[in-house]
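Observations on the model geometry
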Amino acid sequence: MQHAAPFDVHLLSVHAFAYGSGVFKQPGLYDGHLEAPAGAPAAATAGSSTAGDRPMLDFIFAVDDPVAWHAENLRQHAHHYSFLRHLGPAGMTAVAEKLGAGVYFNTLVPWAPHQLIKYGVVRLAALQADLLRWTTLYCAGRLHKPVATLACHPGVAAAQEHNLHSALRAALLLLPPRFSTLDLLHAVCAISYIGDVRMRLAEDSRKVHRIVQGSEAGLRQLYLPVLAKAQRCWGAITAEGAAGGEAWAADDSPAAVGALAAGLPAHVLQRLAVPLGVQPSGATQQEQLWQRQQQHQSASSFEGAAAPEVQLPPGLAAVAAALAAKPAAQRAHLLRHAIHAIVGASSRRQALSGLLTAGVGKSLRYSLAKLRKAWR
């Protein structure tokens, strides 16, 4: 699905996408609009004539050099920025990367008549690292769901394939032994909200259900090929009965669970190390070398069609084995706790940086809009 970029400066981006309820309709939100089929672009629906009632469009631009990007954007659109523009491009980038979760957002920006947008800028290498290792799960979590691609970088596309595989592995470890395809889609979409501070404050408590209901077709397009791989290549699941692939049973054998755990992103395994009583990764020279190899991969273009398979260093392999040895309920609890820690930390950092990048006035308007959505 293609959408027009909001302004010319996106041409400096090497990867860009639009996401969220402004792009993919979520049933029950913005009821002033004419109804569109589930999964249709919300921005294409007719209806309300005011920007306050129309869903805001959300964009993320991945760039090689955020400092240069902000310098050009300040020249063209200084009015998009809060008081932080006085720090200059380097200062604003430092706020995003040192204080926040790596994404600098400008929000409530007027674009077309009666249309507001929010756009974030992230360093390309940071985006790829998040997709591969779930360093923050901020961008990776958004890319667990369907997005509208504006510009595609081959390295991001390959890392995104790895990200989808990771999401499926995590969901399979969190789900009960028997589940439906819809159960799986809910579990995948819920990953990036586990521990998100917004879910306790102003976010819609039915958000995951709305996403699945509104984007079911797109989610199936993303995950059915990965499910098929999990069935044929991983041996992790089998189809049950004559439900046409809608009912599944997971292989709970130590070998199958161990293989799933070993495929979890590195940062998740690192978060699991201490609770499992295993020496944390990064403590040995071999693991530090592995981290550097991963960083080099995330900065490359992945010229091949698929993300490379990575072999865990001994420290992380031991974590995966220890997780697989736990009973299913305890295993799911530990994994959920590790994801909670990653998402909780990045969402708190991003919320704090968002107060600065948006400014007090826009932050209040944005929070009120979130509350209105949650109360619908």
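Cut-offs and rules
Residues numbered from 1 in each chain as written. Predicted model: local features only at pLDDT ≥ 70, side-chain atom pairs only at ≥ 80, totals over all residues. Heavy atoms only, no water. Salt bridge = Lys/Arg side-chain N within 4 Å of Asp/Glu carboxyl O. Helix = DSSP H or I, 4+ residues; strand = E, 2+ residues; numbered from the N terminus. Buried < 20%, exposed > 50% of the residue type's maximum accessible area, 1.4 Å probe, protein only. Phe/Tyr/Trp six-rings, centres within 6.5 Å; stacked < 30°, edge-to-face > 60°. Lys NZ or Arg CZ within 6 Å of the ring centre and 35° of its normal. Pairing = 2+ DSSP bridges. Axes fitted to C-alpha atoms, helices over the stretch in contact; angles between N-to-C directions. Contact = heavy atoms within 4.5 Å.

**Comments concerning the pattern of salt bridges**
Counted by the stated rule, this structure contains seven salt bridges. Here E246 makes a salt bridge to R220, at a shortest N to O gap of 2.9 Å. Taken as a pair, E246 in the loop between β7 (237-239) and β8 (247-250) and R220 in helix α7 (residues 207-234) lie far apart in primary sequence, 26 residues in all. With relative accessibility at 29%, the residue E246 sits in the partly exposed group. Overlapping salt bridges, with partners in common, bring together E216, R220 and E246 in one network.

**A look at the packing of aromatic side chains**
Tallied over the entire structure, the rule returns eight aromatic pairs. Ring geometry for W69 versus Y119: centroids 6.1 Å apart, planes at 55°, classification tilted. Here Y119 lies in strand β4 (residues 116-123) and W69 lies in helix α1 (residues 66-77), a separation of 50 residues in the sequence. The rings of F59, F61, W69, W111 and Y119 are connected pair by pair, giving a single aromatic cluster. The ring centre of Y138 lies 3.8 Å from the NZ or CZ of R142, which sits over that ring. One cation-aromatic arrangement involves R169 over W234; the distance from NZ or CZ to the ring centre is 3.9 Å.

**Section: the sheet that holds β8**
Working definition: the strands of a sheet are paired by backbone hydrogen bonds and lie parallel or antiparallel to each other. Spatially, the three strands line up as an open sheet ordered β6-β8-β7, and their pairing is antiparallel. Looking at which strands have only one partner, the edges of the open sheet turn out to be β6 (178-180) and β7. Each strand of the sheet is rotated relative to its neighbour by a mean of 30°, with strand direction disregarded. One ladder, built from three bridges, connects β6 with β8; its direction is antiparallel.

**What to know about the sheet that holds strand β2 (residues 57-63)**
With mixed pairing, five strands are arranged side by side in an open sheet as β3-β4-β2-β1-β5. The open sheet is flanked by β3 (103-110) and β5 (148-151), the only strands paired with a single partner. For this sheet, the mean inter-axis angle between neighbouring strands, taken without regard to orientation, is 20°. Pairing analysis gives six bridges linking β3 to β4, with the strands arranged antiparallel. The residue bridging V109 from the neighbouring strand is I117, located in β4. Where helix α3 (residues 124-133) meets the sheet, it contacts β1 (15-19), β2 and β4, and its direction lies at approximately 85° from that of β4.

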